[in-house]
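Below, each chain spelled out in residue letters.
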Amino acid sequence: MSAWHDVPLDLTVAADGSVTFNTLVEIPTGEQAKYETMSSKRGNPIKQDELDITDANGNVTGQAPRYYKCGPSRGNYGGLPQTWSNSNISDAVTGFPGDNDPLDVLDISSTRAPIGGVYRVKLLGALGMIDSNESDWKVIVINAADPLAATYNDISDVPQERLTSILEFYANYKQAEKKPATCFWPVAAPNVTAT
């Protein structure tokens, strides 16, 4: 079974306008190990991402587990089942192509979810990012069973210090790995190279 392909998204819009759907957790709150759904492996298992180890000549000599270098995950991080950000199509909002991954989700609830956990979440908002000239949306949600889900109806209900922590993490996590920085949409306009 592939949680990515076989778990239904099951998007529901309630009478009050709130939107809920299923999510799949790859990285629990507080974790520094970088786990990912292996989109090219049969069954799409979740495993720790790896970095190439290179010698002085740039030859790959092995691999090492990947960890966030700017601190732990700011929430239960994962993806939306049965979604895909297509690299052959420009995103209608950002103008940049997709990143060839499921849409990313950050659950800001108070409960740490297990790796591979699947549960209902409530939509709060989305953070548009451009990473290596690709659209990389972060959908911000809260576990529908979290006590705060009843009072968080959109991103404006989330305490500012929590939002600042999330923004700072995503603004810096690539640079901490000595990769090109990500930028937030709409700062990166279409046809502009992200740096």
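Shown above is the structure to which this text applies.
These numbers were taken from a predicted model, which means no experiment stands behind them. Sequence order as written defines the numbering, with residues in each chain counted from 1. Thresholds applied to this predicted model are a pLDDT of at least 70 for local features of residues and 80 or more for the giving and counting of side-chain atom pairs; totals over whole chains, interfaces and linings are not thresholded and use all residues. To obtain the side-chain values, all non-hydrogen atoms of the structure were used and water was disregarded.

Visitor: Sorry, what's going on with the overall build of the chain here?
Guide: Strands are runs of DSSP state E lasting at least two residues, helices are runs of H or I lasting at least four, and both sets are numbered from the N terminus onward. The number of helices and strands found in the chain is 2 helices and 13 strands. Note that the radius of gyration is over C-alpha atoms, with the globule rule given as 2.2 Å times the number of residues to the power 0.38. Rg of the C-alpha trace for the chain: 17 Å, near the compact-globule value of 16 Å for 195 residues, within the 12% margin. Seen along its three principal axes, the alpha-carbon backbone of the chain occupies a region of about 60 × 40 × 35 Å. Throughout, exposure labels follow a simple rule: accessible area from a 1.4 Å probe, protein chains only, divided by the maximum for the residue type, with under 20% read as buried, over 50% as exposed, and the rest as partly exposed. Out of the 195 residues in the chain, the part that is buried amounts to 43%. Areas reported here follow the Shrake-Rupley algorithm with a probe of radius 1.4 Å; residue values treat only the protein chains shown as occluding. Of the roughly 10000 Å² of accessible surface on the chain, a fraction of 53% belongs to carbon and sulfur atoms. Treating the 15 positive side-chain charges of the chain as one cloud and the 24 negative ones as another, the clouds have centres 5 Å apart. Residues counted as positive are Lys and Arg, residues counted as negative are Asp and Glu, and His and the chain ends are not counted. The atoms used to mark charge sites are NZ of Lys, CZ of Arg, CG of Asp and CD of Glu.

Visitor: Got a minute to help me understand helix α2 (residues 160–176) in this structure?
Guide: An α-helical turn contains 3.6 residues, so a residue and the one three or four places further along point in the same direction. Compared with an ideal rise of 1.5 Å per residue, which puts 17 residues at 24 Å, α2 spans 24 Å between its outermost C-alpha atoms and is within 8% of the ideal. For a residue, the bend is simply the angle between two axes, fitted respectively to the seven-residue segment ending there and the seven-residue segment starting there. Its axis deflected by about 25° at Tyr 170, α2 carries its strongest bend there. Buried residues belonging to α2 abut β7 (76–79), β8 (104–107), β9 (118–127), β10 (129–131), β12 (138–143) and β13 (183–184). Immediately beyond the C-terminal end of α2, within one or two residues, lies Lys 178, with a positive phi of roughly 60°. The span one expects for a helix is its residue count, reduced by one, times 1.5 Å. Whether two residues are in contact is decided by their heavy atoms, any of which lying within 4.5 Å being enough.

Visitor: What is the right way to look at the sheet that holds strand β11 (residues 134–135) in this model?
Guide: Strand pairing within a sheet occurs via backbone hydrogen bonds; the two strands may be parallel or antiparallel. Taking strand neighbours across the sheet as the criterion, the 3 strands line up as β11-β10-β13 in an open arrangement whose pairing is antiparallel. The open sheet is flanked by β11 and β13, the only strands paired with a single partner. Pairing between two strands is assigned when DSSP locates at least 2 bridges connecting them. Across 2 bridges, β10 lies against β13 in antiparallel orientation. Across the sheet, Met 129 pairs through a bridge with Phe 184, a residue of β13. Docked against the sheet, α2 engages β10 and β13, running at close to 10° with respect to β10. To obtain each axis, a line is fitted to C-alpha atoms, and for helices this fit is confined to the stretch in contact; angles are then taken between N-to-C directions over 0 to 180 degrees.

Visitor: Explain the pairing of β7 to me, please; I cannot follow it from the model alone.
Guide: Remark: a regular strand shows side chains that alternate across the two faces of the sheet. Here β7 shows a buried face lined by Asn 76 and Gly 78 and a second buried face lined by Tyr 77 and Gly 79. Note that strand β2 (residues 19–27) and β7 share 3 bridges and pair antiparallel. Across the sheet, Leu 24 pairs through a bridge with Gly 79, a residue of β7. Pairing of β7 with β8, which is carried by 4 bridges, proceeds in the antiparallel orientation. Considered in β8, the bridge of Gly 79 is made with Asp 104.

Just distances and angles here, no functional claims.
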